[in-house]
Amino acid sequence: MSRIYMLMLALVFAAGACRSQKDTEARLPVLTIEKTPCFGRCPTYKASVYEDGTVFYEGRQFVAKEGTYEFQAPAEQVKQWLQEAKQLGYFQLEDEYPTKATDLPSTITSVRLDGKTKQITAVENVPPALRAFQTKLHESMMQLIEEQEGKPATERHD
């Protein structure tokens, strides 16, 4: 009896651990984009996109909408962004494309796909395909924010 009991107990704990890991992953964004300040009028914000299309957005300065809001992106759009990151070879790129200049803004993106997460901080000498992906993501995000009213977010999401 004790071996069967122990085996059943182990299976229950394993199932709970899997569910807990999946629950945790569901609360993590699949994609983020952040634009940092410069010495000019650079848009400064952070947006975190979740698998279900929920977008938590914090507009800081020089953006159409300042403040913290929650929006909804179409699920197909989220899938498209992730597919583009995969096609780009996002996980094979460098983690940083730095500069010695102190007045240039950074674009920080992260992607969580196929059980992996990677963040890239890009300032200068960015590969054209990555720059195109970041630009498209930024433009899509700004359009989404302008099109939707959004509701004030009550929680901070990173």
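Quick look at the structure, then.

**What about the side chain of lysine 118?**
Within the fold, lysine 118 resides in strand 7 (residues 116-122). There is a polar contact of 2.4 Å between the side chain of lysine 118 and the side chain of aspartate 95. Once residues within four sequence positions are removed from consideration, lysine 118 is found in contact with Tyr90, Phe91, Leu93, Glu94, Asp95, Thr109, Ser110 and Val111.

**Topic: the packing of aromatic side chains**
In total, this model carries six aromatic pairs according to the counting rule given. Measuring from centroid to centroid gives 5.6 Å for tyrosine 50 and phenylalanine 56, while their planes differ by 85 degrees, and the two rings are edge-to-face. Within the aromatic cluster, the residues linked to one another by ring pairs are Tyr45, Tyr57, Tyr69 and Phe71. If you follow lysine 116 out to its NZ or CZ, it ends over the ring of phenylalanine 91, 4.8 Å from the centre.

**Here's the deal with the packing of helix 2 (residues 75-88) against helix 3 (residues 128-147)**
Between helix 2 and helix 3, the least distance of the axes is 10 Å, while the angle of their chain directions is 170 degrees. On the basis of their axis angle, the class for helix 2 and helix 3 is roughly antiparallel. Where helix 2 abuts helix 3, its residues Gln80, Trp81, Glu84, Ala85 and Leu88 lie against Ala129, Leu130, Phe133, Lys136, Leu137, Ser140 and Met141.

**Topic: the environment of tyrosine 50**
Among the structural elements, tyrosine 50 can be located in the loop between strand 2 (44-49) and strand 3 (54-61). Here tyrosine 50 falls in the buried class, since its relative accessible area comes to 7%.

**Comments concerning the sheet that holds strand 2**
Ordered in space as 5-7-6-1-2-3-4-8, the eight strands form an open sheet in which the pairing is mixed. Of all strands in the sheet, those with a lone pairing partner are strand 5 (96-97) and strand 8 (151-152), marking the two edges. Pairing of strand 1 (residues 31-35) with strand 2, which is carried by five bridges, proceeds in the antiparallel orientation. By the bridge assignment, leucine 31 is partnered in strand 2 with valine 49. Against the sheet, helix 2 engages strand 1, strand 2 and strand 6 (107-113), with an angle of about 100 degrees to strand 6. In the packing of helix 3 onto the sheet, the strands contacted are strand 1, strand 2, strand 3, strand 4 (67-72), strand 5, strand 6 and strand 7, and the crossing angle to strand 1 comes to about 90 degrees.

What counts and what doesn't
- Counting restarts for each chain, with residues numbered from 1 along the sequence as it is written.
- Residue-level local features of this predicted model are given only where pLDDT is at least 70; pairs of side-chain atoms are given and counted only at 80 or more, and the full residue set underlies all totals for whole chains, interfaces and linings.
- Hydrogens and waters are ignored; side-chain quantities use all the structure's heavy atoms.
- Numbered from the N terminus, helices here are DSSP runs of H or I no shorter than four residues, and strands are runs of E no shorter than two.
- N or O atoms closer than or at 3.5 Å make up a polar contact, with two conditions inside protein: a donor-capable atom paired with an acceptor-capable one, and, for residues adjacent in sequence, both atoms drawn from side chains.
- By definition in these notes, contact holds between two residues if any of their heavy atoms fall within 4.5 Å.
- Classification of ring pairs uses Phe, Tyr and Trp, with its six-membered ring standing for Trp, and accepts pairs whose centres are within 6.5 Å; under 30 degrees between planes counts as stacked, over 60 as edge-to-face, and the remaining range as tilted.
- In our convention, an over-ring charge means Lys NZ or Arg CZ found within 6 Å of a ring centre and within 35 degrees of that ring's normal.
- As a rule, the C-alpha atoms of each element are fitted with a line to give its axis, helices using only the stretch in contact, and angles between N-to-C directions run from 0 to 180 degrees.
- Note that the term roughly parallel is reserved for angles under 35 degrees, roughly antiparallel for angles over 145, roughly perpendicular for angles of 65 to 115, and oblique for everything else.
- Relative accessibility decides the category of a residue: with a 1.4 Å probe and only protein chains considered, values under 20% of the type maximum give buried, values over 50% give exposed, and everything between is partly exposed.
- Pairing between strands requires that DSSP locate at least two bridges from one strand to the other.

From the geometry alone we can't say anything about function, so treat these as descriptive.
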